[in-house]
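Now for the letters of each chain:
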Amino acid sequence: MLRRPLLHALLAALAAIPVALVAGPAAPSPALPALPAAAVRVMPLGDSITGSPGCWRSVLWNRLQSSGHTDVDFVGTLGPQGCGQPHDGDNEGHGGYLVTNVANQNLLPGWLAATRPDIVLMHFGTNDVWSNIAPATILAAYGRLVEQMRAANPATKVLVAKIIPMAPATCAECGQRVVALNAAIDGWAAAIGTAASPVVVVDQWTGFSTATDTYDGVHPNASGDRKMADRWYPALTAALGGVTPTPTGGPTPPPTGTPTPTASATPPTAGCTASYRVVGRWQGGFQGEVTVRNPGTAPIAGWTVRFALPDGQRISQSWNARLTQSGAEAVARNTDWNGSLAPGAQAAFGFLANTAGTPAEPPAGCTTD
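Rules and cut-offs
Residues numbered from 1 in each chain as written. Predicted model: local features only at pLDDT ≥ 70, side-chain atom pairs only at ≥ 80, totals over all residues. Heavy atoms only, no water. Pairing = 2+ DSSP bridges. Helix = DSSP H or I, 4+ residues; strand = E, 2+ residues; numbered from the N terminus. Axes fitted to C-alpha atoms, helices over the stretch in contact; angles between N-to-C directions. Buried < 20%, exposed > 50% of the residue type's maximum accessible area, 1.4 Å probe, protein only. Arc of directions from axis to C-beta. Contact = heavy atoms within 4.5 Å. Left-handed = near helix turned anticlockwise from the far one by under 90°. Nonpolar A, V, L, I, M, F, W, Y, C, P; charged D, E, K, R; others polar. Phe/Tyr/Trp six-rings, centres within 6.5 Å; stacked < 30°, edge-to-face > 60°. Disulfide = S-S within 2.5 Å.

What follows is about the sheet that holds strand β9 (residues 303-308). Strand order in the open sheet formed by four strands is β11-β12-β9-β14, and the pairing between neighbours is antiparallel. Whereas interior strands pair on both sides, the edge strands pair on one side only; in this sheet they are β11 (322-326) and β14 (365-368). The mean inter-strand angle of the sheet, taken between neighbouring strand axes irrespective of direction, is 20 degrees. The pairing of β9 with β14 spans four bridges and is classified as antiparallel. Bridge pairing links R306 to G365 in β14.

And the structure:
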């Protein structure tokens, strides 16, 4: 859902903070167009490829705007994480999440209730493939999510991706696992789609190169973002042609009576908080996730998170942060693209770790840079 004050604050922050991905002096950011009263709500749903920072969303949104589709409202409980251009950054891209965990833990209904999407763009399953979860199990999770979407809105249109290729240095088998999952998606979509709630497959795999379109064999770079946006665009514009937006209620009535005096302005504050949770566990290991949030009224340019991993727990891999471990202490610093957080914005990073016992959820401390 487009948060105008937050987004304008972010744009103001970006004008003052050097951004490595933008060459030359920053030009004034154009004002975002106002949304019509009955905009079509589109939820980008997935993991870090969608949300951390998921800059294909910014490319796609700006292309929609330039081609006359100004009645689109990207929605989600997560806010924007940069990308260097104005865009509607709300999304449901949870870094490190497995689609099987989202289905098994019934996380989606709360997100749906908060945002009420008309269309869902779903690129989900990369972490499940990495965890060697069978395609049939992943597709069962897809089905559960579609059921929950239809329970919230029987006319939900679902655009589900054949996920982009994978070639991480630590998973030689992941590439073929993606092929196996993608090969089963067409049949699944044909079986579950209905006239009222169609499920359309968007092929994000064909023509996508892990060598030239990712920066780590998994996450898209600028070239990959453009390719993903190019694949979403025709399917989304086709879906937009047949959507009647769900009513959002009448306009807010004007205030009456004597206005309440406003308090004097207070200086902006900046800071960060971090919350740690275990999102998956198995014999001898677990997956952890840390969410960093800026609760202040001023933007921050970077963050560092510290937390303890006792009882011999050792991190084996991580994503969306520069994560190091010395003894029981883990220190995570932002990457180049997720350190700048506007007020109220958040970022997430994840990791896999080995353990001989049951992992706890220790407190995590956050400092700004």
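Once the structure has been displayed, the description carries forward.
Once that is clear, we can look at helix α5 (residues 108-115). Buried within α5 are the following residues: L108, W111, L112 and T115. The buried residues of α5 occupy one face: seen down the axis, they fall within an arc of 100 degrees. Where α5 is buried, its residues meet β1 (40-46), β3 (92-93), α4 (99-104) and α7 (135-152). Count one or two residues on from α5 and you reach R116, which has phi positive near 50 degrees.

Take the sheet that holds strand β13 (residues 346-354) next. Judged by pairing direction, the sheet is antiparallel, and its four strands sit side by side in the order β7-β8-β13-β10 without closing on themselves. Because the sheet does not close on itself, it has two edges, and the strands there are β7 (273-282) and β10 (314-319). Recorded for the sheet is a direction-independent mean angle of 25 degrees between the axes of neighbouring strands. Of the pairings in the sheet, the one linking β7 to strand β8 (residues 285-293) comprises nine bridges and is antiparallel in character. Looking across to β8, one finds that T273 is bridged to R293.

Within β8, seven of the nine residues are buried, leaving the element largely enclosed by the surrounding structure. Hairpin geometry of β7 and β8 is characterised by an intervening segment of two residues between the two adjacent antiparallel strands and by a positive phi of about 90 degrees at G284.

To continue, consider the packing of α7 against helix α8 (residues 174-192). Any two packed helices are characterised by how steeply their axes cross, that is the angle between the axes, and by the distance between the axes. For the pair α7 and α8, the least separation of the axes is 10 Å and the interaxial angle reads 35 degrees. Every pair of crossing elements has a handedness; the one defined by α7 and α8 is right-handed. Contacts between α7 and α8 involve P135, I138, L139, Y142, G143, V146 and R150 from the former and A180, L181, A184, I185, W188 and I192 from the latter. Each residue belonging to the contact of α7 with α8 can be placed in one class, and the counts come to eleven nonpolar, one polar and one charged.

In total, this model carries eight aromatic pairs according to the counting rule given. Ring centres of Y142 and W188 lie 5.4 Å apart, and the angle between their planes is 65 degrees; on these two criteria the pair is classed as edge-to-face. Remark: W188 occurs in helix α8 and Y142 occurs in helix α7; sequence separation between them is 46 residues. Of the two residues, Y142 and W188, both sit in the buried class. Aromatic side chains Y276 and F351 sit 6.0 Å apart centroid to centroid with 50 degrees between the ring planes, which places their arrangement in the tilted category. Separated by 75 residues along the polypeptide, Y276 in strand β7 and F351 in strand β13 bring together distant segments of the chain. Site record: aromatic cluster; members linked through ring pairs are Y276, F286, F307 and F351.

Moving on, we come to the state of the cysteines. Counting across every chain of the model gives three disulfides. Disulfide partner of C55: C83, at an S-S distance of 2.0 Å. With the S-S dihedral at roughly -95 degrees, the linkage between C55 and C83 falls on the left-handed side. One end of the pair, C55, is in the loop between α2 (48-51) and α3 (56-66); the other, C83, is in the loop between β2 (72-74) and β3, with 28 residues separating them in the sequence. Assessed through its relative accessible area of 13%, C55 is described here as buried. Judged by relative accessible area, which is 23%, C83 ranks as partly exposed. Paired by a disulfide, C171 and C174 hold their sulfur atoms 2.0 Å apart. Here the disulfide of C171 and C174 is right-handed, its torsion about the S-S bond being about 90 degrees. Cysteine pairing for the protein chain, with bonded cysteines counted in sequence order: 1-2, 3-4, 5-6.

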